[in-house]
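Coordinate inspection notes
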Amino acid sequence: MSLRYGLLGLLAEGAASGYDLARRFQEVLGSVWPAQHPKIYAELNRLAQEGLIEVESEGPRGRKAYRITEEGLVAVRGWLRDTEVDHTLRMQSLLRSFFFWLMEPDDLRRHLDEEARFFAEAAARYEEYAKAKDRGEFGDSPQTRSMRIAIEAGVRLYRTLAEWAEWAKTVPPNSSTTTHS
């Protein structure tokens, strides 16, 4: 259900084609809420049928640019204000950690090295975005201020996951532990 609100939020920034929305969705929201092109186009059709968006223009080869309607703005604002947040995290890295006991120690160490490296690199990417935003490279619109808040969450989340992977390497293989640093 959140795909629709992600699309409505992006259209609240301005009109865009399905292709542009798919690219923007991947660019801005892909690591948080991935969506494939066919799902995006199907959701755009549903949003248009429900009157939450409308076709602003049609270009070559039937390319449509959509814009959000007043009803769409009301819907996305209501979602932000009134809908309970789903705090479920679907992270394969954490799911796998429940089964580390099945791995050979050397395989586990290599896996955790890769995880730590991935998360540290992701944190560094988000930190670069944060620095660019703080230098004013993205302007100072309400959208970019919200983007900065989201970027900071990415920095902190990935930094913490990198620390978690490093910590996990210190736990003796196939042992139970209740230590926490």
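Residues numbered from 1 in each chain as written. Predicted model: local features only at pLDDT ≥ 70, side-chain atom pairs only at ≥ 80, totals over all residues. Heavy atoms only, no water.

1. Focus: the UniProt feature "domain: Transcription regulator PadR C-terminal" (unreviewed entry) in the protein
Using the following cut-off: UniProt positions are given in the numbering used here, feature names are shortened, and annotations may be inferred rather than shown by experiment. Each helix is a run of DSSP H or I of at least 4 residues and each strand a run of E of at least 2, with the numbering of both proceeding from the N terminus.
The UniProt entry lists residues 91–170 under the feature "domain: Transcription regulator PadR C-terminal" (unreviewed entry), expressed in the numbering used here. A distance of 22 Å separates the end C-alpha atoms of residues 91–170, which is 79% helix and 0% strand.

2. Notes on the environment of Gly51
How we decide: Only protein chains enter the accessibility calculation, which uses a 1.4 Å probe; a residue is then buried when its area is under 20% of its type maximum, exposed when over 50%, and partly exposed in between. What makes two residues a contact is simply this: any of their non-hydrogen atoms within 4.5 Å.
Tracing the backbone through its elements, the reader meets Gly51 in the loop between helix 3 (37–49) and strand 2 (53–58). What makes Gly51 partly exposed here is its relative accessible area of 26%. Measuring from C-alpha to C-alpha, the distance between Gly51 and Ala130 comes to 36 Å, with 79 residues separating the pair along the chain. Among all residues touching Gly51, those that are not within four sequence positions of it are Thr69 and Glu71.

3. Concerning the side chain of Arg4
The cut-off we apply is this: Contacts described as polar in this section are N or O atom pairs within 3.5 Å, which, within protein, must combine one atom able to donate a hydrogen with one able to accept it, while residues neighboring in sequence count only if both atoms come from side chains.
Tracing the backbone through its elements, the reader meets Arg4 in helix 1 (residues 2–13). On the accessibility criterion, Arg4 (8% relative accessible area) is buried. Among the polar contacts listed, one links the side chain of Arg4 to the side chain of Glu43, at a separation of 3.0 Å. Sequence-distant contacts of Arg4, defined by excluding residues within four places in its chain, comprise Glu43, Arg46, Leu47, Glu50 and Leu52.

4. Regarding the UniProt feature "domain: Transcription regulator PadR N-terminal" (unreviewed entry) in the protein
Following the UniProt record, one finds the feature "domain: Transcription regulator PadR N-terminal" (unreviewed entry) at residues 7–73. With 54% helix and 19% strand, residues 7–73 has its two end C-alpha atoms placed 11 Å apart.

5. Re the nonpolar core
What counts is decided by this rule: By nonpolar core we mean a set of buried residues, namely Ala, Val, Leu, Ile, Met, Phe, Trp, Tyr and Cys, connected to one another through side-chain atoms within 4.5 Å.
Residues Leu7, Leu8, Leu11, Ile40 and Leu44 are the most contacted members of the largest nonpolar core, which totals 20 residues. Counting residues per element, the ones that place at least two in this core are helix 1, helix 2 (18–29), helix 3, strand 3 (64–68) and helix 4 (70–82). In terms of residues, this core owes the most to one element, helix 1, which gives six residues. In terms of nonpolar packing, the next biggest core, distinct from the first, is built from ten residues, Ala123, Tyr126, Tyr158 and Ala162 among them.

6. Describing helix 6 (residues 105–134)
Stated formally: Expected helix span is computed as 1.5 Å times (number of residues minus one).
Compared with the 44 Å implied by 1.5 Å per residue over 30 residues, the 43 Å span of helix 6 between its first and last C-alpha is a close match. Positive backbone phi, at 90 degrees, marks Gly136, one or two positions downstream of helix 6.

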